[in-house]
Amino acid sequence: MALAQQSSPHAHSARPTSRVMLWVILAALPGLLAQTLVFGWGNLINVVWCMALALASEALFLKLRHKPVGFFLRDNTAAVTGLLLGLALPQFTPWWVSGIAVIAAIIVAKQLYGGLGSNPFNPAMVGYALVLISFPVAMTTNWAEASTLWSGAPGLGETLAKIFSGTQVAVDGWTMATPLDEYKHKIATHTAEEVLVHPTFGGFVARGWEWVNIAFLAGGLLLVLMKIITWHIPVAFLAGIVAMSLLFGTNADQYAPLQLHLLAGGTMLGAFFIATDPVSAATSHQGKLIYGAGIGILVYLIRTWGNYPDAVAFAVLLMNFAVPFIDHYTPPRTYGHHKARRGVPGRSGG
Amino acid sequence: MTQLWDFAGGIHPSENKHQSTDRPVRKAALPDLLILPLQQHIGEPAEVAVTIGDRVLKGQVIADVSNGMGVPVHAPTSGVITGIEQRSVPHPSGMADWCILLQPDGEEQWCSLDPVSDYKKLDRNQVLERIRQAGIAGMGGAGFPTDIKLRPPKDRKVDTLIVNGAECEPYITADDMTMREQAVAVISGLQVMAWILRPSRCVVGIEDNKPEAIAAMREAVQGTQIEIAVIPTKYPSGGEKQLIQILTGLEVPSGGIPADIGVMCQNIGTAVAVGQAIFEGKPLISRMVTITGDAVSEPGNFETLIGTPVSQLLEQAGLREDKLDRLILGGPMMGYTLTTDAVPVVKTSNCVIAVAHGELPEPPPEQACIRCGQCALACPMELLPQQLFWYSKAAEFEKAEHLNLFDCIECGACSYVCPSSIPLVQYYRFAKGEIRTQRAEQLKADRARERFEARQARLEREQQEKEERRKQRAQAAAEAQAKKQAEAEQAAAQGEATDDRAAKAALVQQALERKKAKAAAQAKEQPAAPPVEEMPDIEALEKQLTQAEAKLDTMQGMLEEARTQQADNVDKLERAVAKNHDRVNRARQALEDARKQVAEAPASSQ
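Bear in mind the structure is a predicted one, so any value in this text is a computation, not a measurement.

**Here we look at the overall build of chain B**
Thought 1: A count of helical and extended segments in chain B gives 15 helices and 17 strands.
Thought 2: In terms of C-alpha radius of gyration, chain B reaches 41 Å, well past the compact-globule figure of 25 Å for 606 residues.
Thought 3: Across its three principal axes, chain B shows a C-alpha extent of roughly 130 × 60 × 55 Å.
Thought 4: For chain B, the residues scored as buried account for 43% of the 606 residues in total.
Thought 5: Taking the intrachain contacts of chain B between residues at least 6 apart in sequence as the baseline, contacts between residues at least 24 apart amount to 72%.

In structure tokens form, the structure reads like this:
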């Protein structure tokens, strides 16, 4: 009788990493749909282009590193990185700018650090921050004007042409500053009422943007309900922004109001899909709260007093730096111990 | 309604319990041969008390522990001892251990039993001794001698006695079926233990997925103070620490025992065994075993004699070998695979799962940890499994220990939920093993260092003493020299201008001549005899030479060492080496002279 040998446990739940990542992709689809309806084909094209390039560069580097290509590609993590970049980049970002972002994300931020699980920084945000600093014009002048697909948004062919050949056709009619950018630059010389007459602030918060954010919020809540992410990071992230806004930014004639912070930028995408990247986030519940709150606070600080109208990428990257430190000081109290063992071995008791 | 607390984490694996609860408990058939390991408990192995060929009666002691912790082993049936040899025993490694082989004679003839009708008239120690004599060791898995467990440390009072009827592991239903069919026996045994410990609270914790057992137990506790606590089904609620937390809200201190917080847990099977030992006088010779899994056609529970080979139980449960993938002893979360079905059922065996192909599939290949934290959410001990995994994998054991690696109960919840199929528990077992080995080695190294340092100190002391003596001798010699010189000067002053050296040389010459003459005379007297007197001289000189050479070697070695260590006695050693060089040369010269002399001697003797 030949008996198989195996170590316990013999039972396993069936939710592999690949499926977790697939759910992240599916949960982001409402947001992508909203983006497409509100801003036209740009995001969808970006997503397809970035995902394809992400998978290709991941495959190339896996091959160079002599790793099983198919096995690692099927974990869907490169696809998620590509997706997040596609969702975050301006709608008319030239193909080569998004390409550089993807390559920096997959090759530099992920594969050069040792691949999945070894990257200290959120790959998508490394790519985003790189192109934001390197190509500020391309990254600030290519945001689509919110005009629904069925009412005047550029068609698929025009959008493709704009992204891939750089034609300058009727650009003025297509693009527009983002609401946060607009508000930030106008408020210095105008009152809130004067600023808010700009078409970008149509709708109830910021034309189109609010629906995109609500769609990402809905997808994010799905992830929380499915226990793919926990509530800690998104809630702390949003709470950080709310707290900062209530503390410092109640005067709408001076600072962007809270509803703009929450629903007019990349806040919901950042809170539920980007900051929750487990690889580069803190691990314990307490640590996640600190990490999320830190991102929220930094987002507000940079948006309000920094040079960038939206700041999720920088805030996430800065808090990525702090993760090992946070992790050292926020372990949970283990059963049967009086208190948690903080810090590093030899420095503290427990 | 009993107040309940929750424990952190936990998982809800598929229960798979109904397969083995559909049929009533069956009595396992008497096997052809019983294999009785000498060590079925924690502690010292039992010593054999029978010899091959002995006929033993059912319930007779066949091995006992005379020295140290342990409980006796009894003959589960009457029959003949046919061997005492190494056999495969239930162990993750599949190792063999000493077993007594008993061939049943089918007569089931009991030895004389000594039941107690009213145990309360006995002394508590007498009752505990009866429990020990009955060979009872914790039947939940650890096999800790029950009588010792029932004697908590003097300064610890057990306030809460818990009987663990949670049985949270999937597949296993041995305790469930015991409670359903022998609820009164469980309660009787519990009452004996309660009488011994005098707790203020006595509670049986049962998961709410066992309604029949709960009903039976509720009926059995009518009119007693014993509580039946129905707890939510969540793995690992049956872990001792978790059950204590659920029922009392208290946590067993890390590294401590439940008695530290006034709690004790006992197993359902153990309670039944204690009751039998007291009320019937019967030792622990059988237990409930669940045989289940898709590879058996009639899964169920068997009242099984200790020592029954697993193969026979599987046969009775209708094993289909073509479907069998592996055998798990215990449950799917914490059980281990058997290397052979020839191992016997022992006092701690509660379940054998005959796993069919595809039933509990092997996890897919391990992927990278994505730090998702599902493991931390599942951990009932509130550890950080992923950090423990990183540190175990990187052999950073100090950090793993800092994060309380040794509080891990190896329940497997983290591995169960890991989306990257990382065999986390294996990493922790590896790290624990490595740390234990390192500690043992550290202890060994410490002892060796102490020994070495003691030796160094002794050698140094001896060296100093030697040096002291040498100085004294040198002083004495110097004094003698001075005295001689003074005498010589005196003599010179008296006009005897004798050359000291010439005089000495003359004396040596005279002695040599005398010797030569003597040798010649002897040779003349015994012409055939070899010049025996001359030989020992050479030998002695050779010895002297080797000794001198050896000493020179040592001195040179010491000098080398002193040079490399830049010690301050280098000059001294250099002088010593030079002196020894002279000595060796002189010895060599003397030997050569002697050899020449010997070579000449026979010629002169002829």
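Here the narrative resumes, following the displayed structure.
**Topic: the domain arrangement of chain B**
Thought 1: On domain assignment, one finds that chain B holds domain 1 (18-356), domain 2 (364-483) and domain 3 (535-606).
Thought 2: One C-alpha centre belongs to domain 1 of chain B, the other to domain 3 of chain B, and the line joining them spans 77 Å.

**Quick look at the UniProt feature "binding site: [4Fe-4S] cluster 2" (unreviewed entry) in chain B**
All names here are of chain B.
Thought 1: UniProt marks Cys379, Cys408, Cys411 and Cys414 with the feature "binding site: [4Fe-4S] cluster 2" (unreviewed entry), using the numbering shown here. Judged by maximum C-alpha separation, these annotated positions cover 36 residues in sequence but sit close together in space, the widest gap being only 10.6 Å.
Thought 2: Its location among the elements puts cysteine 379 in the loop between helix H8 (374-378) and helix H9 (385-393).
Thought 3: What makes cysteine 379 buried here is the crowd of 28 C-beta atoms within 10 Å.
Thought 4: Residues contacting cysteine 379, with those up to four places away along its chain left out, are Ala8, Gly9, Pro385, Ala413 and Cys414.
Thought 5: Note on placement: cysteine 408 falls in the loop between helix H10 (397-402) and helix H11 (413-417).
Thought 6: Among residues more than four places away in sequence, those in contact with cysteine 408 are Met381, Leu383 and Tyr428.

**Topic: the packing of helix H4 (residues 77-88) of chain A against helix H5 (residues 95-111) of chain A**
Packed helix pairs are specified by the crossing angle of their axes together with the interaxial distance, meaning the distance between the axes.
All names here are of chain A.
Thought 1: Viewed as axis vectors pointing N to C, H4 and H5 meet at an angle of 145°, and their least axial separation amounts to 10 Å. Here H4 and H5 pass one another in a crossing that is right-handed. On the side of H4, the interface is formed by Ala78, Thr81, Gly82 and Leu85, while H5 contributes Ser98, Ala101, Val102, Ala105 and Ile106.
Thought 2: Of the residues that constitute the contact of H4 with H5, the class distribution is six nonpolar, three polar and no charged.

**A short note on the UniProt feature "modified residue: FMN phosphoryl threonine" (unreviewed entry) in chain A**
Thought 1: Residues annotated by UniProt as "modified residue: FMN phosphoryl threonine" (unreviewed entry) correspond here to A:Thr178.
Thought 2: As for its placement among the helices and strands, A:Thr178 is situated in the loop between helix H9 (171-174) and helix H10 (179-186).

**Looking at the nonpolar core**
Residue and element names in this part refer to chain B.
Thought 1: One finds Met217 and Val352 to be the most contacted residues of the largest nonpolar core, which totals 248 residues.
Thought 2: Ranked by residues supplied to this core, first place goes to helix H3 (residues 174-197) with 13 residues.
Thought 3: Other than its neighbours up to four places away in sequence, valine 352 contacts Val289, Ile291, Val310, Leu313, Leu314, Leu327 and Leu329.

**Quick notes on the sheet that holds strand E4 (residues 55-56) of chain B**
Residue and element names in this part refer to chain B.
Thought 1: Ordered in space as E2-E8-E7-E4, the four strands form an open sheet in which the pairing is antiparallel. Across the chains shown, the open sheet's two edge strands, defined by having one partner strand only, are strand E2 (34-37) and E4.
Thought 2: Across two bridges, E4 lies against strand E7 (residues 79-88) in antiparallel orientation. Across the sheet, the residue bridging to valine 56 is glycine 79, located in E7.

**Focus on the domain arrangement of chain A**
When the parts of a complex come together, some accessible area is lost, and that lost area is often taken as the interface size.
Residue and element names in this part refer to chain A.
Thought 1: With domains assigned, chain A is organised as domain 1 (17-175) and domain 2 (178-205 + 228-327).
Thought 2: On a C-alpha basis, the centroid separation for the pair domain 1 and domain 2 is 21 Å.
Thought 3: Facing the 21 residues of domain 1 at the interface are 15 residues of domain 2.
Thought 4: Sorting the residues of the side of domain 1 that touches domain 2 by element identifies helix H1 (17-39), H4 and helix H6 (123-134) as the ones contributing at least two each.
Thought 5: By residue class, the composition of the side of domain 1 that touches domain 2 is 16 nonpolar, five polar and no charged.

**As for the sheet that holds strand E11 (residues 227-231) of chain B**
Residues and elements named next belong to chain B.
Thought 1: Taken together, four strands build an open sheet; the order of strands is E11-E10-E9-E12 and the sheet is parallel. In this open sheet, the two strands that pair with only one neighbour each are E11 and strand E12 (263-267). Looking at each pair of strands side by side, their axes are set apart by 25° on average, direction ignored.
Thought 2: Packed on one face of the sheet, helix H6 (residues 268-280) meets strand E9 (160-165) and E12 and runs near 80° to E12.

**Thoughts on the pairing of strand E10 (residues 201-207) of chain B**
All names here are of chain B.
Thought 1: Judged by how many residues are buried, E10 sits mostly within the fold: six of seven residues are covered.
Thought 2: Relative to E10, E9 is paired through six bridges, and the arrangement is parallel. Across the sheet, residue threonine 160 finds its bridge partner in E10, namely arginine 201.
Thought 3: For the segment spanning E9, H3 and E10, crossover handedness is right-handed.
Thought 4: Relative to E11, E10 is paired through five bridges, and the arrangement is parallel. Residue pairing across strands places glycine 205 opposite alanine 229, the latter belonging to E11.
Thought 5: The parallel pair E10 and E11, bridged by helix H4 (residues 211-220), forms a crossover whose chirality is right-handed.

**Overview of the UniProt feature "transmembrane region" (unreviewed entry) in chain A**
All names here are of chain A.
Thought 1: The UniProt feature table records "transmembrane region" (unreviewed entry) at residues 20-38, 95-113, 125-144, 208-226, 233-252, 258-276, 288-305 and 311-329.
Thought 2: Annotated as residues 20-38, this span is 100% helix and 0% strand, and its ends, taken at the C-alpha atoms, are 28 Å apart.
Thought 3: In residues 95-113, helix accounts for 89% and strand for 0%; the two terminal C-alpha atoms are 25 Å from one another.

**Here we look at the environment of B:Lys58**
Residue and element names in this part refer to chain B.
Thought 1: Within the secondary structure, lysine 58 sits in the loop between E4 and strand E5 (61-64).
Thought 2: With 22 C-beta atoms counted inside 10 Å, the residue lysine 58 sits in the buried group.
Thought 3: For lysine 58, the residues in contact, after removing those within four places along its chain, are Ala75, Pro76, Thr77, Ser78, Glu108, Gln109, Trp110 and Cys111.

**Thoughts on the packing of helix H13 (residues 232-248) of chain A against helix H15 (residues 267-274) of chain A**
Residue and element names in this part refer to chain A.
Thought 1: With their axes 8 Å apart at the nearest point, H13 and H15 run at an angle of 150° to one another. Classified by the angle between their axes, H13 and H15 sit roughly antiparallel to one another. Between H13 and H15 the crossing geometry is right-handed. Counting all contacts with H13, which are made through Pro234, Phe237, Leu238 and Ile241, the residues of H15 involved are Thr267, Ala271 and Phe272.
Thought 2: The residue inventory of the contact of H13 with H15, partitioned by class, reads six nonpolar, one polar and no charged.

**Digging into unusual backbone geometry**
Thought 1: In this structure, A:Pro9 follows A:Ser8 across a cis peptide bond, with omega equal to -5°.
Thought 2: With omega at 0°, the peptide bond leading from B:Tyr235 into B:Pro236 counts as cis.
Thought 3: At A:His66, a residue that is not glycine, the phi angle is positive and equals roughly 55°.
Thought 4: You can see A:His66 is positioned in the loop between helix H2 (42-64) and helix H3 (69-73).
Thought 5: Backbone geometry at B:Asn404 places phi at a positive 65°, although glycine is not the residue there.
Thought 6: Of note, B:Asn404 is situated in the loop between H10 and H11.

**Quick word on H13(A)**
All names here are of chain A.
Thought 1: For H13, spanning 17 residues, the distance from its first C-alpha to its last is 24 Å, which sits close to the expected 24 Å at 1.5 Å a residue.
Thought 2: Here H13 has its buried residues at His232, Ile233, Pro234, Ala236, Phe237, Leu238, Gly240, Ile241, Met244 and Ser245.
Thought 3: Buried positions along H13 lie against helix H12 (209-225), helix H14 (258-263), H15 and helix H16 (285-305).

**Examining helix H1 (residues 124-133) of chain B**
Thought 1: Burial in H1(B) covers these residues: B:Val127, B:Arg130, B:Ile131 and B:Arg132.
Thought 2: Of the residues trailing H1(B), B:Gly135 is marked for its positive phi of about 75°.

**Brief notes about the confidence of the model for chain B**
Thought 1: Residues at a pLDDT of 70 or more form 94% of chain B, whose mean pLDDT is 90.
Thought 2: Among the scores for the predicted complex, ipTM is 0.84 and pTM is 0.78.

Conventions and cut-offs
Each chain carries its own residue numbering, running from 1 in the written order of its sequence. Here chains are named by letter from A upward and ligands by number from 1 upward, in the order in which they appear as written. Per-residue local features are limited, in this predicted model, to residues with pLDDT of at least 70; the limit for side-chain atom pairs, both in listing and counting, is 80 or more; totals at the level of whole chains, interfaces and linings are taken over all residues. The secondary structure listing takes helices from DSSP runs of H or I that are at least 4 residues long and strands from runs of E that are at least 2 residues long, numbered from the N terminus. Within these notes, the globule rule equals 2.2 Å times the number of residues to the 0.38 power, and the radius of gyration is based on C-alpha atoms. Each residue is classed by its C-beta neighbour count within 10 Å, where at least 20 other C-beta atoms makes it buried, 12 or fewer makes it exposed, and intermediate counts make it partly exposed; the C-beta atoms are placed from backbone geometry. A pair of residues counts as a contact when their C-beta atoms, built from backbone coordinates, are separated by no more than 7 Å. Segment limits for the domains were obtained from an automatic or database-derived domain assignment. UniProt positions are given in the numbering used here, feature names are shortened, and annotations may be inferred rather than shown by experiment. With axes taken as lines fitted to C-alpha atoms, and helix axes fitted only over the stretch in contact, angles between N-to-C directions fall between 0 and 180 degrees. Should the near helix be turned anticlockwise from the far one by less than a right angle, the crossing is termed left-handed; should it be turned clockwise, right-handed. Side-chain classes follow a simple rule in which Ala, Val, Leu, Ile, Met, Phe, Trp, Tyr, Cys and Pro form the nonpolar group, Asp, Glu, Lys and Arg form the charged group, and the remainder, Gly included, forms the polar group. Think of a nonpolar core as buried Ala, Val, Leu, Ile, Met, Phe, Trp, Tyr and Cys residues chained together by C-beta atoms that fall within 7 Å. Should DSSP find at least two bridges between two strands, the strands are regarded as paired. When the strands point away from the viewer, a crossover counts as right-handed if the route from the first strand across the helix to the second turns clockwise. Angular relationships are summarised with four words: roughly parallel below 35 degrees, roughly antiparallel beyond 145, roughly perpendicular across 65 to 115, and oblique for the angles in between. Helix span is expected to be 1.5 Å times the residue number reduced by one. Residue-level confidence of the predictor is what pLDDT reports, using numbers from 0 through 100.

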